[in-house]
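# Report on the structure
Each chain, written out:
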Amino acid sequence: MKVFIVSDMEGIAGVVKWQQTDGSKADVAYHEARKLYTEEINAAVRGAKSAGAKEIVVMDCHDAGEHWTFNSVIPEDLDPACELVVQEEWTEYTELLEQGCDAALFVAMHAKAGTPDGVLSHTVSGEAWRELQFNGTSVGETGINAALCGNWGCPVLLVTGDEAVCREGKELLGDGLTTVSVKKGLGRFSARQLTPARARELIEDGAKRALKDLKAVQPYDPGKPSEIRIEFTSPDRVVEYRNRKGIEQLDNLTLVATADDWWTAWSQFFF
């Protein structure tokens, strides 16, 4: 069994402030969070290994800025049962999916922009993106990563993070999704949280349970043809994307990419 672990940083037990996820300052708070991050991933690796996974690949999807983008995991502390991908651009690594992957596990995810009880909630950019839709369905980064996996027929079986992202995941992917909530948002920058040790126990168990039934969740397909709509927070943030091939500007804040399938439409924005 091949398992793809996709991870972010905002959904970790113990993390509630931007400073903990920002590598540009590389201060004590960030490096403490890196340790918490790595250990939650290890918990998922242990669970996958217990479930019979023979190949486990971890992809860090957290943009921590500066030299830390997609590179917040501490390699020397990772469980040796997995391999780690450090990518240059988000969603660029698809090799494992192309080869055929049995399941994806999403660790330490956060809720989409505008979620009232979502700890550190945002979509792609905490400052620039207000709303993202795939064929009219509002999604966050869980939806983006699920669509990436689904493009190659890989189902997402586990989502961990706060209560809000667990709810978001089930609304998008169905009740067959296994979720592990490690904290309850009391606002965007506060939460009632499990201890890291308890969170890791639950994540390990959740990964093991999720992989018992590889058909519990269908691979996510946003639909064909595909329309991706992004609403930005201010007109100046539109400039970065509006002249890319296949992008249409609808108004001062909204861009749309359309294509025969999701991956082509997404690539028009990001590649």
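Residues numbered from 1 in each chain as written. Predicted model: local features only at pLDDT ≥ 70, side-chain atom pairs only at ≥ 80, totals over all residues. Heavy atoms only, no water.

Before going further, it helps to examine the overall build of the protein chain. Helices and strands together make up the secondary structure of the protein chain, namely 7 helices and 12 strands. Since a compact globule built from 271 residues should have a radius of gyration of about 18 Å, the 17 Å found for the protein chain is in line with a globular shape. Expressed along its principal axes, the backbone C-alpha trace of the protein chain runs to roughly 50 × 40 × 30 Å. Counting all 271 residues of the protein chain, 54% fall into the buried class. (Helix = DSSP H or I, 4+ residues; strand = E, 2+ residues; numbered from the N terminus. Rg over C-alpha atoms; globule rule 2.2 N^0.38 Å. Buried < 20%, exposed > 50% of the residue type's maximum accessible area, 1.4 Å probe, protein only.)

For the peptide bond that leads from Lys 224 to Pro 225, omega is -10 degrees, which places it in the cis range. Secondary-structure assignment places Pro 225 in the loop between helix H5 (196-210) and strand E10 (226-232). Here Thr 91, not a glycine, exhibits a phi torsion of approximately 65 degrees, which is positive. By secondary structure assignment, the location of Thr 91 is in the loop between strand E3 (82-85) and helix H2 (95-99). Although it is not a glycine, Val 124 adopts a positive phi angle of roughly 65 degrees.

Time to look at the pattern of salt bridges. In the structure shown here, the tally under the stated rule is 13 salt bridges. Put simply, Arg 130 and Glu 231 hold a salt bridge, and the shortest N to O gap is 3.6 Å. With Arg 130 in strand E5 (residues 129-134) and Glu 231 in strand E10, the pair connects residues that are 101 residues apart, well separated along the chain. Given a relative accessible area of 43%, Arg 130 falls into the partly exposed group. Owing to a relative accessible area of 22%, Glu 231 belongs among the partly exposed residues under this scheme. (Salt bridge = Lys/Arg side-chain N within 4 Å of Asp/Glu carboxyl O.)

Turning next to the sheet that holds strand E8 (residues 178-187). Taken in spatial order, the 7 strands of this open sheet run E3-E2-E1-E4-E7-E8-E9, and their pairing is mixed. If you trace the sheet from one side to the other, it starts and ends with E3 and strand E9 (190-193), each paired once. Strand-to-strand twist across the sheet, computed as the mean angle between neighbouring axes with direction ignored, equals 25 degrees. Inspection of the sheet shows strand E1 (residues 2-7) paired to strand E2 (residues 55-60) by 6 bridges, in the parallel sense. Bridge pairing in E2 places Val 3 opposite Ile 56. In the packing of helix H3 (residues 141-151) onto the sheet, contacts are made with E1, E2, strand E4 (103-109) and strand E7 (156-162), and the angle to E4 comes to roughly 160 degrees. (Pairing = 2+ DSSP bridges. Axes fitted to C-alpha atoms, helices over the stretch in contact; angles between N-to-C directions. Contact = heavy atoms within 4.5 Å.)

All right, on to the packing of aromatic side chains then. Throughout the structure, instances matching the rule amount to 17 aromatic pairs. Between Trp 18 and Phe 189 the ring centres are 6.1 Å apart and the planes differ by 70 degrees, which places this aromatic pair in the edge-to-face class. Pair noted here: Trp 18 is in the loop between E1 and helix H1 (28-50) and Phe 189 is in the loop between E8 and E9, with a separation of 171 residues, a long-range link. Given a relative accessible area of 35%, Phe 189 falls into the partly exposed group. Here the aromatic rings of Trp 266 and Phe 270 are separated by 4.6 Å at their centres, their planes lie at 20 degrees, and the arrangement is stacked. On the criterion of helical spacing, the pair formed by Trp 266 and Phe 270 is a turn pair, its members being 4 residues apart in helix H7 (residues 262-270). Assigned by exposure class, Trp 266 and Phe 270 land together as buried. Site record: aromatic cluster; members linked through ring pairs are Trp 90, Trp 129, Phe 134, Trp 152, Phe 232, Tyr 241, Trp 262, Trp 263, Trp 266, Phe 269 and Phe 270. (Phe/Tyr/Trp six-rings, centres within 6.5 Å; stacked < 30°, edge-to-face > 60°.)

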